[in-house]
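Architecture and fold: a report
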Amino acid sequence: MLQFVARPETVAAAHAAIRAERDKKLSRRRPLSERLADAMLEITGAGQIVDRNALALRGFLRSELTDDKLAEARDLANARAIRNVA
């Protein structure tokens, strides 16, 4: 059996690097309403009906699909659709 011994400062530096990378990825992530609006436009572009099941198939969680967020995303998607047509 192999056993590795690491110095505490090495472990702390590794954890800090992992935390910094995770924080950087999360900060670059777009807001939920924008991601929902994009998904809604993709679904309607494919000729499908936008509902909670269709959005869940796109990877959104049930806790993310609240009425308030869906309404905000719907308004944003409608504005984008109008802007794309114009």
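Residues numbered from 1 in each chain as written. Predicted model: local features only at pLDDT ≥ 70, side-chain atom pairs only at ≥ 80, totals over all residues. Heavy atoms only, no water.

1. Here's the deal with the environment of L55
Of note, L55 is situated in helix 3 (residues 52-57). On a C-alpha basis, the gap between L55 and P31 in space is 16 Å, while along the polypeptide they are 24 residues apart. Those residues within four positions of L55 in sequence are excluded, and the remaining contacts are L36, A39, M40, I43, V50, F60, L65 and L70. (Helix = DSSP H or I, 4+ residues; strand = E, 2+ residues; numbered from the N terminus. Contact = heavy atoms within 4.5 Å.)

2. Some points on the layout of surface pockets
There is about 170 Å³ of room inside the largest pocket. For the largest pocket, the full set of lining residues is M40, L41, T44, V50, D51, R52, L55, L70, R74, A77, N78 and A81. Secondary structure elements with two or more residues in the lining of the largest pocket: helix 2 (32-45), helix 3 and helix 4 (67-85). A total of 5 residues in the lining of the largest pocket trace back to one element, the largest contributor, which is helix 4. Taken together, the residues of the lining of the largest pocket break down into 7 nonpolar, 2 polar and 3 charged. (1 Å grid on protein atoms, 1.4 Å probe; cavity = no way out; pocket = protein on both sides within 12 Å on 5 of 7 lines; lining within 4 Å. Points joined across faces, edges and corners; volume = space filled by probe spheres on them. Nonpolar A, V, L, I, M, F, W, Y, C, P; charged D, E, K, R; others polar.)

3. Re the pattern of salt bridges
Charged atoms that come close allow side chains of opposite charge to pair. Counted by the stated rule, this structure contains 7 salt bridges. A salt bridge links R7 to E9, with the nearest nitrogen and oxygen atoms 3.0 Å apart. A salt bridge links K69 to E72; the nearest nitrogen and oxygen atoms lie 3.9 Å apart. Here the residue K69 and the residue E72 both occupy positions in helix 4, the gap between them amounting to 3 residues, near one helical turn. Its relative accessible area of 42% is what places E72 among the partly exposed residues. Through salt bridges with shared partners, one network takes in R30, D38 and R80. (Salt bridge = Lys/Arg side-chain N within 4 Å of Asp/Glu carboxyl O. Buried < 20%, exposed > 50% of the residue type's maximum accessible area, 1.4 Å probe, protein only.)

4. Focus on the confidence of the model for the chain
This prediction gives the chain a mean pLDDT of 87; 93% of its residues lie at or above 70. Across the chain, the element-wise mean pLDDT spans from 79 in helix 1 (residues 8-28) up to 94 in helix 3. (pLDDT = per-residue confidence, 0-100.)

5. Brief notes about the nonpolar core
Among soluble globular proteins, nonpolar side chains are generally buried collectively. Counting residues in each nonpolar core, the largest one holds 13 residues, and the members touching the most others are L36, M40, L55, F60, L65 and L70. At the level of elements, helix 2, helix 3 and helix 4 are the ones that each hand at least two residues to this core. When sequence neighbours within four positions are dropped, the list of residues in contact with L65 reads L36, R52, L55, A56, F60 and L70. (Core = buried A, V, L, I, M, F, W, Y, C linked by side-chain atoms within 4.5 Å.)

6. Things to note about the packing of helix 2 against helix 4
The interhelical angle for the contact between helix 2 and helix 4, taken along N-to-C directions, is 60°, at an axis separation of 8 Å. With respect to each other, helix 2 and helix 4 are oriented oblique. Two packed elements cross with a definite hand, and for helix 2 against helix 4 that hand is right-handed. Side by side, helix 2 and helix 4 meet where L32, S33, E34, L36, A37, D38, M40 and L41 of the first sit next to K69, L70, E72, A73, R74, L76, A77, R80 and A81 of the second. Looking at the contact of helix 2 with helix 4 residue by residue, the class counts come to 10 nonpolar, 1 polar and 6 charged. (Axes fitted to C-alpha atoms, helices over the stretch in contact; angles between N-to-C directions. Parallel < 35°, antiparallel > 145°, perpendicular 65-115°, else oblique. Left-handed = near helix turned anticlockwise from the far one by under 90°.)

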